Amino acid sequence: MDTPADTLRAARDSARRRLADVEAQLAQLRDARGAESADDEHDPEGGTLSAEWSRIEGVRVGVVAELDGIDAALDRVSAGTFGICEVCGNAIPAGRLKVRPTATRCVRCAERRQ
Ligand SMILES: [Zn+2]
């Protein structure tokens, strides 16, 4: 059976690949935009590129946040605090950690926060 650290490392690898992907797409768009005129307002093509940029940049921000969460969880594994709710100090159920290895709160504390 995989340990939480294995799951987290696999998730980190996958997130890093996705990050490299979106960064490559952004670099491509940057080139495409540079080749066009900078006048987005009157250039339908430029407007499309801007919308596409915003969408991919949104994905990038999400992947970076995901990576941060994974790194923080791996730090907790090293520190021996992985799987302990940061609010109440109780153990986070294994089932929850399996679905969300980056969870920092038990179900009750996570729900209370909302
Ligand atoms: Zn809790």
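It should be emphasised that the depicted structure is a prediction, and the values quoted were computed from it without experimental measurement. (Residues numbered from 1 in each chain as written. Predicted model: local features only at pLDDT ≥ 70, side-chain atom pairs only at ≥ 80, totals over all residues. Heavy atoms only, no water.)

**Here we look at the overall build of the protein**
Within the protein one finds four helices and zero strands. From first element to last, N terminus to C terminus, the protein shows the α and β order α-α-α-α. (Helix = DSSP H or I, 4+ residues; strand = E, 2+ residues; numbered from the N terminus.)

**Quick look at the coordination of the zinc ion**
Within the protein, the atoms that donate to the zinc ion are Cys85 (SG), Cys88 (SG), Cys106 (SG) and Cys109 (SG), at distances of 2.3 Å. Classification of the site at the zinc ion as tetrahedral follows from its four donor atoms and the range of 104 to 117° in their angles at the metal. Linear spacing of the donor residues for the zinc ion on their chain is C-x2-C-x17-C-x2-C. The exposure class of Cys109 is buried, given its relative accessible area of 6%. (Donors = N, O, S within 2.8 Å, 3.2 Å for Na, K, Ca; no water. Tetrahedral: all angles 85-135°; square planar, octahedral: opposite > 155°, others 65-115°. Buried < 20%, exposed > 50% of the residue type's maximum accessible area, 1.4 Å probe, protein only.)

**Digging into the UniProt feature "zinc finger region: dksA C4-type" (unreviewed entry) in the protein**
In the numbering adopted here, UniProt assigns the feature "zinc finger region: dksA C4-type" (unreviewed entry) to residues 85–109. Helix makes up 36% of residues 85–109 and strand 0%, with an end-to-end C-alpha separation of 8 Å. (UniProt positions renumbered as here; feature names shortened; annotations may be inferred.)

**A few points about the pattern of salt bridges**
Taken as a whole and judged by the stated rule, the model has six salt bridges. When the shortest N-O distance is used, the salt bridge between Arg55 and Glu52 registers 3.1 Å. Of the two residues, Arg55 and Glu52 are both situated in helix H2 (residues 44–79); the distance of three residues between them amounts to about one turn of the helix. For Glu52, a relative accessible area of 30% gives the class partly exposed. Notably, a salt bridge pairs Arg105 with Glu86, separated by 3.2 Å at the nearest N-O pair. (Salt bridge = Lys/Arg side-chain N within 4 Å of Asp/Glu carboxyl O.)

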